[in-house]
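Close look at the chain arrangement
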Amino acid sequence: MANHGDKEHERHPQHKLSWDASRNGGYTCADCKFVGLGPRYRCKKGCNFQVHECCVPPRPDSVAVPLFRDCRFKFLDLPPGAGVDHRFCDACGTDVAGRVYHCFHCDRDMHPSCACMKDDEVIGGVKYRLRDEGKKWECVMCKMRLGLEGKRTWWYVSEEDGESRLHVHCAIKLLLRDA
Ligand SMILES: [Zn+2]
Ligand SMILES: [Zn+2]
Ligand SMILES: [Zn+2]
Ligand SMILES: [Zn+2]
Ligand SMILES: [Zn+2]
């Protein structure tokens, strides 16, 4: 991931993409359709085409996700049963509409952006670490114990007090607000 030279993308073949390291604002990834934050690839000619670093070819065919150690995630253009089943990302609990890493063994889905998520993040000046915990904690932002629509999600846990927890989707909201 160190080479940030110009790239090509099959969904936007007419122009090259260049790396934008400025951390201004959130965006919707034109590839996986999921929200992104901070550095990204964007069209060099100024079209509104922005994609995650991990959504630029050649994408890894399979990824190892440390928090789901036993899974084997394969890259798919659409989640299995797309249009029939309503699928959710097992990390952030929000919809999976486009490209996905899928584990056929246990039927887990991950947004490409979530599969490639950093395991720590500074949110509101506090360092948080990503955890997969079965228990139901209260999120310091939305005060809910479960994720969206009752789904289980990963949590960001404060390194400062080791206790304050944020849903991944709430952390993304906060990061977008601060972006
Ligand atoms: Zn993406
Ligand atoms: Zn363009
Ligand atoms: Zn699995
Ligand atoms: Zn996700
Ligand atoms: Zn929350």
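Nothing here was measured: the structure is a model prediction, and the numbers come from that model.

Helix and strand counts for the chain stand at two helices and 13 strands. On C-alpha atoms alone, the chain measures out to a radius of gyration of 16 Å, which is about the 16 Å that the 2.2 N^0.38 rule sets for 179 residues. Along the three orthogonal principal directions, the C-alpha set of the chain runs to about 50 × 40 × 25 Å. Relative to all contacts within the chain whose residues are 6 or more apart in sequence, the contacts with residues 24 or more apart total 51%.

The next subject is the environment of Cys32. Along the chain, the position of Cys32 falls in the loop between strand E2 (26-28) and strand E3 (35-37). Sequence separation of Cys32 and Asn3 is 29 residues, and the distance between their C-alpha atoms is 21 Å. Other than its neighbours up to four places away in sequence, Cys32 contacts His52, Cys55, Gly98, Arg99, His111, Pro112 and Ser113.

Ala91 and Met110 are the most contacted members of the largest nonpolar core, which has 25 residues in total. Of all the secondary-structure elements, those providing two or more residues to this core are strand E8 (100-103), helix H1 (112-115), strand E12 (155-158) and helix H2 (168-178). A total of four residues in this core trace back to one element, the largest contributor, which is H2. The contact partners of Ala91, leaving out residues within four places of it in the chain, are Met110, Cys114, Met117, Thr153, Trp154 and Val168.

Next up on the list: unusual backbone geometry. Of the consecutive residues Pro57 and Pro58, the connecting peptide bond is found in the cis state with omega at -5 degrees. Along the chain, Pro58 turns up in the loop between strand E5 (50-51) and strand E6 (62-63). The backbone phi angle of Asp107 is positive, close to 65 degrees, even though this residue is not glycine. Even without a glycine there, the phi angle at Lys143 is positive, about 65 degrees. Note on placement: Lys143 falls in the loop between strand E11 (126-131) and E12.

Taken in spatial order, the three strands line up as E1-E4-E5 in an open sheet, and their pairing is antiparallel. The open sheet terminates on both sides in strands that have one partner only, identified here as strand E1 (17-20) and E5. With four bridges joining them, E1 and strand E4 (residues 40-43) adopt antiparallel strand pairing. Bridging from a neighbouring strand, Leu17 pairs with Cys43 of E4.

Our focus in this paragraph is the UniProt feature "domain: DC1" (unreviewed entry) in the chain. As annotated in UniProt, the feature "domain: DC1" (unreviewed entry) corresponds to residues 11-56 and 86-115 in the numbering used here. Between the C-alpha atoms that bound residues 86-115 the distance is 19 Å, and the span itself is 13% helix and 23% strand.

Before going further, it helps to spend a moment on the sheet that holds strand E7 (residues 73-76). Strand order in this open sheet of four strands is E6-E7-E8-E9, and the pairing throughout is antiparallel. Since the sheet does not close on itself, it has two edges, and those belong to E6 and strand E9 (108-110), each with one partner.

Our next topic: the pairing of E7. The pairing of E6 with E7 spans two bridges and is classified as antiparallel. In the strand pairing of E7, Ser62 is matched with Lys74. When E7 meets E8, the two strands line up antiparallel, connected through three bridges. Looking at E8, one finds that Leu76 is bridged to Val100.

This part is about the pairing of E11. Here strand E10 (residues 120-123) runs beside E11; their pairing, made up of four bridges, is antiparallel. Bridge assignment links Asp120 to a residue of E11, and that residue is Arg129. The antiparallel pairing of E10 with E11 creates a hairpin that spans two residues between the two strands, and Gly124 there sits at a positive phi of about 60 degrees. Pairing between E11 and E12: four bridges, direction antiparallel. Considered in E12, the bridge of Tyr128 is made with Ser158.

About the cut-offs
Residues numbered from 1 in each chain as written. Chains lettered and ligands numbered in written order. Predicted model: local features only at pLDDT ≥ 70, side-chain atom pairs only at ≥ 80, totals over all residues. Helix = DSSP H or I, 4+ residues; strand = E, 2+ residues; numbered from the N terminus. Rg over C-alpha atoms; globule rule 2.2 N^0.38 Å. Contact = placed C-beta atoms within 7 Å. Core = buried A, V, L, I, M, F, W, Y, C linked by C-beta atoms within 7 Å. Buried ≥ 20, exposed ≤ 12 C-beta atoms within 10 Å, placed from the backbone. Pairing = 2+ DSSP bridges. UniProt positions renumbered as here; feature names shortened; annotations may be inferred.

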